[in-house]
Amino acid sequence: MSNKKTPVRVYLNENELPKQWYNIQADMPNPIKPYLNPMTKELVQPQDLAPLFPMALIEQEMSTERYIDIPEEVLDKYKSFRYSPLVRAYGLEKAIGTTARIYYKYEGTNPSGSHKLNTAVPQAYYNKKEGIKRISTETGAGQWGTALSIACAMYGLECVVYMVRVSYDQKPYRKAVMQTYGATVYASPSKETNVGRSILEKDPNSLGSLGIAISEAVEDAVMREDTHYALGSVLNHVILHQTIIGLESLTQFEKMGDYPDMVIGCNGGGSNFSGCAFPFIKHKISGEKDTRFIAVEPAACPKLTKGKFTYDFGDTGKMAPITHMYTLGHDFIPAGIHAGGLRYHGDSALLSQLYHDGYVEAQAVHQTDVFKAAVTFAKAESILPAPESAHAIAVAISEANKCTEKGEDKAIFFNLSGHGHFDLTAYEAYNSGKLEDFEYTDAMLKQGLATVPEI
Ligand SMILES: *Cc1c(COP(=O)(O)O)cnc(C)c1O
């Protein structure tokens, strides 16, 4: 084990919470390419987004200000639910016998059980302020829908959730949670929208995908004056809100008396990884630190490691802005892996650019290895991780083992994005040896990229 002793865990008290979010667009060596309108393929103007988002979020989306104030009302909510510790994983270090120091930031302590409440609250707040009554959204695994339904309940907004069919079936209790907070939940593809109906016509047994559910939620919002749309990841303003994770972690590491050599996070649409990593990447861009950053994705949905860096639609129905990002193609429907939150075909434009420019590495892992790591972690640290988060654990363990082989004493930090209390079907499958791995083939990539638009 590492000889360097640090506290077991560090919390921040309410007046130590960051008062501003960090916007990496101010510091990126190469800026991202602008969004394009899905109909005209012209540059997206702020007013094009107005049917979907409040102006305050559209401004954040396009802003290049380095720091953006967190509104007082949002800060008050953060104070009420953000008691997210930075933990030294002494138990895990011992269990795997490593020479490395392992740390994790735990985002499962808030009522939604994942990091997603960090952006759901400001999104609901800005919509309420603009006079919106109802918010539509999609959810993959259910964490985002849960977070948004909690945030909508806080601000007295109606919430409509299109939930990817495979998760709707795998996680019935997630639906009950959202309904309890007052949300209306539809299995997607649904009969509620044109997009949903046309997909069901072709394939009545469609498992659904995030791409389809996004199209349904966007269509719902566009059709109604009183409704806006909210996205749980991918967009710049979502990642901006999630930098609360990394900003807190920076202060917590100071209190620990340490600094990470590696920052690891799982990657679905990029928000938990980026939110945790970007405040540290700032120090790498400026040359102050030489930390490694590793985004971890499922081998069944390998957008960074196998996908193409190009303009693509953000959704299957081609309603969301065209984004320059790593993508497997907007029609790609990933295998029904249990990390539902990591089944998005594309990725954050910001993270894609930083990966392309070499600031971030990526690794893809199979779900049986992920659950093996999850169980090791659960036994050693007592927390039952979300399958998504366990992707980060799997790579943290394998990097720690590499340190041990070389006798290195490095600090490995990963974001534990949520707990797995609603993922017990998956754990049951793993425990009974029924969990399968899925191969992503070159034929799938070829087919997926065939429909990427020519720009
Ligand atoms: C949604 C989710 C993810 C993946 O989404 P990102 O935008 O990549 O963060 C990861 N972990 C948990 C627990 C989630 O709920």
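See above for the structure.
Residues numbered from 1 in each chain as written. Predicted model: local features only at pLDDT ≥ 70, side-chain atom pairs only at ≥ 80, totals over all residues. Heavy atoms only, no water.

Regarding the sheet that holds strand β7 (residues 158-164)
Two orientations exist for strands paired in a sheet by backbone hydrogen bonds: parallel and antiparallel. With parallel pairing, the four strands of this open sheet are ordered in space as β8-β7-β6-β9. The sheet is open, and its two borders are formed by β8 (184-188) and β9 (227-229), each paired with just one other strand. On average, adjacent strands in this sheet sit at an angle of 25° to one another, irrespective of strand direction. Taken together, the three bridges between strand β6 (residues 134-139) and β9 define a ladder with parallel strand orientation. Within β9, the residue paired with S136 across the bridge is Y229. Helix-sheet contacts for helix α10 (residues 210-222) involve β6, β7, β8 and β9, and the interaxial angle to β6 is about 170°. (Pairing = 2+ DSSP bridges. Helix = DSSP H or I, 4+ residues; strand = E, 2+ residues; numbered from the N terminus. Axes fitted to C-alpha atoms, helices over the stretch in contact; angles between N-to-C directions. Contact = heavy atoms within 4.5 Å.)

Focus on the pairing of strand β15 (residues 411-416)
Among the six residues in β15, six count as buried, and that is most of the element. Bridging between strand β5 (residues 101-106) and β15 involves six bridges; their strand directions are parallel. Pairing of Y106 across the sheet is with L416, part of β15. As judged from the three bridges shared by strand β10 (residues 262-266) and β15, these two strands associate in the parallel manner. Looking across to β15, one finds that M262 is bridged to I412. (Buried < 20%, exposed > 50% of the residue type's maximum accessible area, 1.4 Å probe, protein only.)

Remarks on the sheet that holds strand β14 (residues 361-365)
Strand order across the open sheet formed by seven strands is β1-β4-β5-β15-β10-β11-β14, with mixed pairing between neighbours. Only two strands of the sheet have a single partner each, and these edge strands are β1 (9-10) and β14.

Comments concerning the pattern of salt bridges
Two side chains bearing opposite charge may form a pair once their charged atoms approach each other closely. Scanning all chains against the criterion turns up 18 salt bridges. Linking D27 and R66 is a salt bridge whose minimum nitrogen-to-oxygen distance equals 2.6 Å. Separated by 39 residues along the polypeptide, D27 in the loop between β2 (20-22) and α1 (46-49) and R66 in the loop between α2 (55-62) and β3 (67-69) bring together distant segments of the chain. You can call D27 buried: its relative accessible area is 17%. According to the relative accessible area criterion, R66 is partly exposed, its value standing at 35%. Here E248 and K105 are joined by a salt bridge, their closest N and O atoms 2.6 Å apart. (Salt bridge = Lys/Arg side-chain N within 4 Å of Asp/Glu carboxyl O.)

Comments concerning the site of the ligand
Around the ligand lies a shell of 19 residues, among which K116, S233, G268, N272 and S417 are the nearest. Within the side chain of S417, an N or O atom sits 2.7 Å from a nitrogen atom of the ligand. Alone, the ligand offers 380 Å² of accessible surface; in the complex the protein occludes 98% of this. At the level of elements, α12 (271-285) and α16 (387-406) are the ones that each hand at least two residues to the shell around the ligand. (Near = heavy atom within 4 Å. Polar contact = N/O pair within 3.5 Å; in protein donor to acceptor, adjacent residues only side chain to side chain. Areas by Shrake-Rupley, 256 points an atom, 1.4 Å probe, with all protein chains shown as cover.)

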